[in-house]
Amino acid sequence: MGCGTSVATENQGKISEKAMKAAVLIQRWYRRYIARLEMRRRYTWSIFQSIEYAGEQEQLQLSSFFSFMLDNFTQLSGNGPDLISNLLEPEVSEGSRGAQFEGILVSDSYCGPRLSFPLTVSDTNALLGAFKAQQTLHARYLLQLLHETKKFLKQMPNIIRLSTSCAKEITICGDLHGRLDDLLLIFYKNGLPSTENPYVFNGDFVDRGKKSVEILVVLFAFLLVYPDHMHLNRGNHEDHIMNLRYGFTKEVMQKYRVHGREILRLLQDIFSLLPLATIIDDKVLIVHGGISNMTDLDFVGSIERHKVKSALRLPRQSFDHMGLEWERREAKGYQDTQSSGRSRGETTRKRRSRSRKNSSGSSSSSSSSSSSSSLCSPCGSLHPGPTPLPSPGLLGRTDILQVPFLDSVVAMATPHSREEEEWKQVVDLLWSDPKGQNGCTPNTFRGGGCYFGPDVTRRLLQKHGLRLLVRSHECKQEGYELCHDDQVITIFSASNYYEEGSNRGAYLKLGPDLVPRFFQYQVSRCTRKLTLHQRVSVVESSALKALKEKLFAHRSELMTAFQQYDEDSKGYISTSDWAKAMESVLRLDLPWRTLRPRLARLTPDGSVEYQSCFEDVCPGQPTIQISPNLAETLYRYRTDLEIIFNIIDKDHSGLISIDEFRQTWKLFSSHLNVDVDDRTIEDLARTIDFNKDGSIDFNEFLEAFRVVHKLDGKEKQQG
Amino acid sequence: MEEENKEAVISEIHRRIAEAFNVFDNESSKSVDVREVGTIIRSLGCFPSEAELHEMIAEVEEEEPTGYIRFEKFLPAMTKVLMERKFRPIPKDVLIQAFEVLDQEKKGYLEAEELKKYMTQEGEPFSQDEVEEMLSAALDNKENVIFYKDLVSKMTFEDL
């Protein structure tokens, strides 16, 4: 730096050089430290996402179970039809013209909001105040609100068109998932909806969070007060089957024991009446999920959207259009292919089987092939699975098998009826995700919709003269993300979605210039500022807990896999073998070698002590005396069973009869291809009939299959 | 026998590299954003300087840079790095010595401003964000200084 020639300057030069070298060293070291944290942050994210989507795939398994039962309808004995109708009959919607809510008495002791229709700002204020004070809206007012909302939505078009005239900025929010705190924070930062402050909420208002009901009430109330300045798009969670699994149904039933079912029935209709998309200034398209290469907005504008009640219930016509009769389905051949195709292995698809090369051996690694993933292919073509089909003439039969899986429908060259076409267009809008590479492929990760590339976006935007696609559906760490050359924006409004500190939420504002401005926030329970390391560690530990639970749920399969590599029963195997076993059993696309230090111990010579995988997790209540294998199966399917029991339990007493339990379990286990003999089921039923009165409190039963994390106590102390 | 072992070792290295790569390959496209490559290399246990990193990237980039690095090219280059044990970790004492060089008065600590100046002006400078983050983790709140020996110990421990 200096340009003098004295010795002093020379020395200075030497010191400078030393300082520079030292600085480089420190910077090298620190950047490596940050890179490690970044890796941990990323794999934590991968863990959450792959478990989440694995859960959604299991949900499809449930849906396929329903279809399986439907298919086997005729095979069931006398008792069968009742059970089946319990499980499958869509709720009989009485001509709900009758304003039944009027008959509901509101006692004087109720101190929550009493709404008066038509609603005004004082009602919305009252609601906000009440919910902030943890109150619940009385069923009578809730039902009335829902009736009015349904009436209102019926006259909305499938696609709402807005304009930013009068220099109004429109605020667009993404997924809320029952997080009332996030909604309140948005209103706090951005102001309440009003004629001066219009909002669009882009779907997924419910499920997962604990205040889905409150969110709906607030959103619907504002909808009725400001019908031209408040707009709601349907999300993939505005779907009664999704709600059975992801918590909304439970929340409603818990908050409204008497009127819950009626509320849910109304909501089923309301959800299907929500508009599918919003377009601003003919330039900005807003949908919950995304698009596919088949998306046709003009067609979408013309469909009967209320007919698509759930993405997980295919139009019945699809069966008939296959042109097969009932008798054929009962044929043994069908049964065999059916059961061999249903083992858990292939129904859980790896997240990564997205690429068009089917070198992804992952998706078809089990021997039996009627795996739905083998039917996956780029939109527009159909490849038969690797198993030899009985005969070409029976190809249709395999199609039927696979039809309940969303991806196979997507893989069909052409939907066979108008109803199917409508269903597919809706599912594409609500379930698709953008991807970096060109093209359009079935979204096998989620099991519904497509992955659409930049070319698909470009084409659609051009076709309709649009400039921008705003969507939600995917959690983003910063609350929002741009892709496809900034033509696609993902906006996600539920902060801390996976865990305290996992991500920010965001909303965006569009003025007449249609240049988006983003606003981020994060609901925070603790005011102490955390370092990056602390933030990463908190979220990581939560992800690892979830992962360890999965390990526990697959313990016997994992042990079998480990032992295959450990012929001498030494208790340890190489890291490579351990990783292979984890990969093949769990089918989660995670960096096992990188995760190993967090999951299992090493012996002094560097091998993995595989038993140590299961040390941190143990069953909550070892009170029920049943075999470990059965326990594990029950644990794994706990959520599905919960859903089924809740459906069977029509009067929501929390009790079902032993007979119903036995039948359900039998059907479910045969569908899962789990080997449980009658005797075991009998014993199980009798064991859990705690009162010996012929009925089972299934909530107690399910409680027994919770796990406890042994390290939790310690963490809580440090917390 | 030795050949077999060597193959097994290489095969395991390949899998480790593939795993790390996949964490950043969100779309299973077998390629990652070039800006993530440094993180991947570092997460595999290497301590390259920025200059060394750029050299490596130049090696694995396409002839006409696309902004993406393909796994096909990355794998052999990274395998070589790991087999040759390039970019080795910095021993703790060497690191502390480096801090001591900056701590000309041998106080045992560095003022926040001092460290900030060095990190953003010397060597391969940090961005504003990088230095802010380092300070937030390093600072002793009461006295607004960084006791670098403690810092090194703490971060080495956290790094697992």
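Residues numbered from 1 in each chain as written. Chains lettered and ligands numbered in written order. Predicted model: local features only at pLDDT ≥ 70, side-chain atom pairs only at ≥ 80, totals over all residues. Heavy atoms only, no water.

### Side note on the overall build of chain A
Under the convention used in this document: Each helix is a run of DSSP H or I of at least 4 residues and each strand a run of E of at least 2, with the numbering of both proceeding from the N terminus. The classification of residues rests on relative accessible area computed with a 1.4 Å probe and restricted to protein chains. Under 20% of the type maximum is buried, over 50% is exposed, and intermediate values are partly exposed. The method behind every accessible area is Shrake-Rupley, applied with a 1.4 Å probe, and residues are considered shielded solely by the protein chains displayed.
Helix and strand counts for chain A stand at 28 helices and 21 strands. With 719 residues in all, chain A has 58% of them scored as buried. A total accessible area of about 29600 Å² is found for chain A, and carbon and sulfur atoms account for 50% of it.

### Digging into the UniProt feature "domain: EF-hand" (unreviewed entry) in chain A
The cut-off we apply is this: UniProt positions are given in the numbering used here, feature names are shortened, and annotations may be inferred rather than shown by experiment.
UniProt records the feature "domain: EF-hand" (unreviewed entry) for residues 553-588, 636-671 and 676-711 of chain A in the present numbering. Annotation note: span residues 553-588 of chain A, helix share 67%, strand share 6%, distance between end C-alpha atoms 14 Å.

### Describing unusual backbone geometry
All names here are of chain A. Between Phe117 and Pro118 the backbone carries a cis peptide bond, its omega angle lying at 0°. Here the phi dihedral of Asp281 falls at roughly 50°; this positive angle occurs in a residue that is not glycine. Along the chain, Asp281 falls in the loop between β5 (277-280) and β6 (284-286). What makes Asp281 partly exposed here is its relative accessible area of 22%.

### Section: the packing of aromatic side chains
Note on aromatic pairs: each is described by the distance of the centres and the angle between the planes. Spelled out, the test is: When the centres of two rings from Phe, Tyr and Trp lie within 6.5 Å, Trp using its six-membered ring, the rings pair. Their planes under 30 degrees apart give stacked, over 60 give edge-to-face, and anything left gives tilted.
As enumerated under the stated definition, the model contains 22 aromatic pairs over all chains in all. Both rings, one in A:Phe48 and one in A:Tyr498, keep their centres 4.6 Å apart while their planes meet at 0°; by these two values the pair is stacked. One end of the pair, A:Phe48, is in helix α1 (residues 7-71); the other, A:Tyr498, is in the loop between β12 (488-491) and β13 (505-510), and 450 residues separate them in sequence. With a centroid separation of 5.6 Å and 35° between ring planes, the pair formed by B:Phe21 and B:Phe74 is classed as tilted. One end of the pair, B:Phe21, is in helix α1 (residues 2-24); the other, B:Phe74, is in helix α4 (residues 71-83), and 53 residues separate them in sequence.

### Focus on the interface of chain B and chain A
Interfaces are often described in size by the accessible area the parts lose on coming together. Stated precisely, the cut-off is as follows: Contacts between residues were defined by any pair of non-hydrogen atoms, one from each residue, lying within 4.5 Å. When two components associate, each loses some accessible surface as probed by a 1.4 Å sphere; the sum of these losses over both components is called the buried area. Take a side-chain nitrogen of Lys or Arg and a carboxyl oxygen of Asp or Glu: if they are within 4 Å of each other, that pair is a salt bridge. As used in this structure description, the phrase polar contact means that two N or O atoms lie within 3.5 Å; if the pair is within protein, one of them must be able to donate a hydrogen and the other to accept it, and residues adjacent in sequence are counted only when both atoms belong to side chains.
In this complex, chain B contributes 51 residues to the contact, which on the side of chain A involves 44 residues. For the pairing of chain B and chain A, the buried interface totals around 4600 Å² over both sides, and the portion due to carbon and sulfur atoms is 60%. Inspection of the chain B/chain A interface yields five salt bridges. Note that B:Glu50 is salt-bridged to A:Arg31, the shortest N-O span being 3.8 Å. Between chain B and chain A we count 15 residue pairs in polar contact (both at pLDDT 80 or more) in total. Sorting the residues of the side of chain B that touches chain A by element identifies α1, α2 (37-43), α5 (92-102), α6 (112-121), α7 (128-138) and α8 (148-158) of chain B as the ones contributing at least two each.

### Thoughts on the sheet that holds strand β17 (residues 608-609) of chain A
Threshold: A strand pair is defined by DSSP finding two or more bridges across the two strands.
The strand order β15-β17-β16 (chain A) describes an open sheet built from three strands, whose pairing is antiparallel. Bordering the open sheet on either side are β15 (572-573) and β16 (601-602) of chain A, each of which pairs with just one other strand.

### Some details on the sheet that holds strand β14 (residues 517-521) of chain A
Sheet strands pair by backbone hydrogen bonding; their relative direction is either parallel or antiparallel. Residues and elements named next belong to chain A. To keep it simple, the criterion reads: Lines are fitted to the C-alpha atoms to define the axes, a helix being fitted only along its stretch in contact, and any angle between axes, read from their N-to-C directions, falls within 0 to 180 degrees.
Pairing is mixed across the open sheet formed by five strands, whose spatial order is β4-β3-β2-β13-β14. At either margin of the open sheet sits one strand with a lone partner, and together these are β4 (230-232) and β14. Strand-to-strand, the axes of this sheet are offset by a mean angle of 20°, without reference to chain direction. The strands touched by helix α6 (residues 212-225) within the sheet are β3 (199-201) and β4, with β4 carrying the most contacts at an inclination of about 130°.

### A few points about the packing of α1(B) against α4(B)
All names here are of chain B. Defined as follows: The scheme is simple: roughly parallel for angles under 35 degrees, roughly antiparallel for over 145, roughly perpendicular for 65 to 115, oblique for anything else. Here is the rule for handedness: rotate from the far helix to the near one, and if that takes an anticlockwise turn smaller than a right angle the crossing is left-handed, while a clockwise turn gives right-handed.
For the pair α1 and α4, interaxial distance at closest approach is 10 Å and the crossing angle is 125°. Considering the angle they form, α1 stands oblique to α4. You can see that α1 and α4 cross each other, and the crossing is right-handed. Side by side, α1 and α4 meet where Lys6, Ile10, Ile13, His14, Ile17, Ala18 and Phe21 of the first sit next to Phe71, Phe74, Leu75, Met78, Thr79, Leu82 and Met83 of the second.

### What to know about the packing of helix α21 (residues 575-586) of chain A against helix α22 (residues 592-599) of chain A
Helices that pack against each other are described as a pair by the angle of their axes relative to one another and the distance between those axes. Residue and element names in this part refer to chain A. Following both chains from N to C, one finds α21 and α22 inclined at 100°, their axes separated by 10 Å at the closest point. With respect to α22, the axis of α21 lies roughly perpendicular. Contacts between α21 and α22 involve Thr575, Ser576, Trp578, Ala579, Met582, Glu583 and Leu586 on the former and, on the latter, Trp592, Arg593, Arg596 and Leu599.

### Section: a negative patch on the surface
Here is the rule: Residues form patches when they are more than 30% accessible in relative terms and have no salt bridge. Like charges link within 9 Å. Nonpolar side chains (Val, Leu, Ile, Met, Phe, Trp, Tyr) link within 5 Å. Charge counting follows a simple rule: Lys and Arg are positive, Asp and Glu are negative, and His as well as the terminal groups are ignored. Where a charge sits is defined by one atom per residue type, namely NZ (Lys), CZ (Arg), CG (Asp) or CD (Glu).
Residues B:Glu2, B:Glu3, B:Glu4 and B:Glu7 make up a contiguous surface patch of negative charge. With respect to the element layout, B:Glu2 can be found in helix α1.

### Observations regarding the nonpolar core
Defined as follows: Put simply, buried Ala, Val, Leu, Ile, Met, Phe, Trp, Tyr and Cys residues joined by side-chain atoms within 4.5 Å make one nonpolar core.
In terms of nonpolar packing, the biggest core is built from 74 residues, with A:Leu137 and A:Phe201 touching the most fellow members. The biggest single contributor to this core is α6(A), with 11 residues. In contact with A:Phe201, not counting residues within four places along its chain, are A:Cys173, A:Leu176, A:Leu183, A:Phe187, A:Leu219, A:Met230, A:His231, A:Leu232 and A:Asn233. Membership of the second largest hydrophobic core comes to 64 residues, among which are A:Ala543, A:Leu547, A:Ala581 and B:Val23.

### Topic: the side chain of A:Lys548
All names here are of chain A. Tracing the backbone shows Lys548 in helix α19 (residues 532-553). Since its relative accessible area comes to 12%, Lys548 is described here as buried. One polar contact links Lys548 to Asp616, side chain to side chain, over a distance of 2.6 Å.

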